[in-house]
Amino acid sequence: MLSELRAWFWQERLWFPEGLGWADLEDRDGRVYAKATDLWVALPIALIFLIVRQVFERTVATPLASLLGVKETVRLRVPHNPTLESYYCKVSKTPKQVSIASLCKQTGSTERQVQRWFRRRRNQDRPSLLKKFREASWRFTFYLLAFIAGLAALIDKPWLYDVQEMWQGFPVLTLLPSQYWYYMIELGFYASLLFSVASDVKRKDFKEQIVHHVATILLICFSWCVNYIRAGTLIMLVHDSSDYFLESAKMFNYAGWRNACNYIFIVFAAVFIVTRLIIFPFRIIYCTWVYPVTIYEPFFGYYFFNGLLMVLQCLHIFWAILIIRIAVRFLTHNEKVDDERSDKDETDDSDEEEEEDIQKVTKKNGPLQNGHVLHNNNHRKVE
């Protein structure tokens, strides 16, 4: 069964145009070609990235956060309430009105008290500024170094300036050492992002991010197997060209450096729109969708590869709408740049009244957290 599935999966008509096949990619005459088995190298690289990230966040990102003045928000920890905690963990973090009424009866609390308890409890689970800063600084470092490395690997290649050159001699294209490591490092990094997704900061576009990572990994793997490597290197370079601007803007945002964050974000928005909404669709996708059919007949791999590119382009449009909305709001009203994908801490009008009410919620259910009342510092978290 497995052998039949393997034979079907690797059949040449799925991966190559008619008349071409795996035999064309066998090493000969001193020429080396990409092989599917090379992709396993990305797994240990992903593991190395996970380890390096932990070291980086502790030895570099944390001291840098302190240097830039990243301030943690001390949130009021809600006293333990078995009934509300059970509902929060097992049913919903945002109870509906009917559920709130039921919880009021079970705890002997008012509706306002229960609502405030849930707001405070949700705030407790939100990631700290330091955690966000560490994550942003790690991504900034990788994206910047990856962009520099990718540019260095492609600066003397003709297909960087004339995208039609990526198909000259296809599929018999010799694999260069710089292309090998560029591919493996990028694939290992995105694999590490999937491995760490459970512990990373979750934003409102979490599902879109997962789709993006999976589509990127599939694109890298497929383009490697069928020797679309020249196209793949251009796609990775275009994506890396703007991401480090976004991550640096986040870092300054978390540090409270408003002006630096705002102006870097505007630069990011401009680079993102040029690379993702102009160069990517009208240069790269055009050259992978229109030009190849002048060389060979369309086949499954042709549609699969371009289909993944269109998935990425749809995500680019989705994110561009969010980016343009933020940029316009800043340019027209001089408002602070905020990441709309992030959850904000929920605040109330009267912290003193809230603290008094939240004590009443748990008075009948035992002692408070650590045997005393914890006080809020009345600071709002900067997102």
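On a predicted model such as this, the values are computed, not experimentally measured, just so you know. (Residues numbered from 1 in each chain as written. Predicted model: local features only at pLDDT ≥ 70, side-chain atom pairs only at ≥ 80, totals over all residues. Heavy atoms only, no water.)

## Overview of the layout of surface pockets
1) Next: Counted as a void, the largest pocket has a volume near 890 Å³.
2) Next: In this structure, the largest pocket is lined by 26 residues; those nearest its centre are Phe9, Trp10, Ala36, Leu39 and Cys225.
3) Next: Those elements giving two or more residues to the lining of the largest pocket turn out to be helix H1 (2-9), helix H2 (12-15), helix H3 (42-68), helix H8 (177-195), helix H9 (206-225) and helix H12 (300-333).
4) Next: A per-element tally of the lining of the largest pocket places H9 first, with five residues.
5) Next: Taken together, the residues that form the lining of the largest pocket break down as 22 nonpolar, one polar and three charged. (1 Å grid on protein atoms, 1.4 Å probe; cavity = no way out; pocket = protein on both sides within 12 Å on 5 of 7 lines; lining within 4 Å. Points joined across faces, edges and corners; volume = space filled by probe spheres on them. Helix = DSSP H or I, 4+ residues; strand = E, 2+ residues; numbered from the N terminus. Nonpolar A, V, L, I, M, F, W, Y, C, P; charged D, E, K, R; others polar.)

## With respect to the packing of aromatic side chains
A ring pair, where both rings are aromatic, is described by two values, the distance of the centres and the angle of the planes.
1) Next: One pass over the structure, following the stated rule, counts 29 aromatic pairs.
2) Next: Measuring from ring centre to ring centre gives 4.9 Å for Tyr228 and Phe305, while their planes differ by 90 degrees; the resulting arrangement is edge-to-face. With a gap of 77 residues between them, Tyr228 in the loop between H9 and helix H10 (229-255) and Phe305 in helix H12 connect regions that are remote in the sequence. Per residue, the accessibility class of Tyr228 equals that of Phe305, and both read buried.
3) Next: Taken together, the aromatic side chains of Trp15, Trp167, Phe222, Tyr228, Phe300, Phe304 and Phe305 make up a single cluster linked through ring pairs. (Phe/Tyr/Trp six-rings, centres within 6.5 Å; stacked < 30°, edge-to-face > 60°. Buried < 20%, exposed > 50% of the residue type's maximum accessible area, 1.4 Å probe, protein only.)

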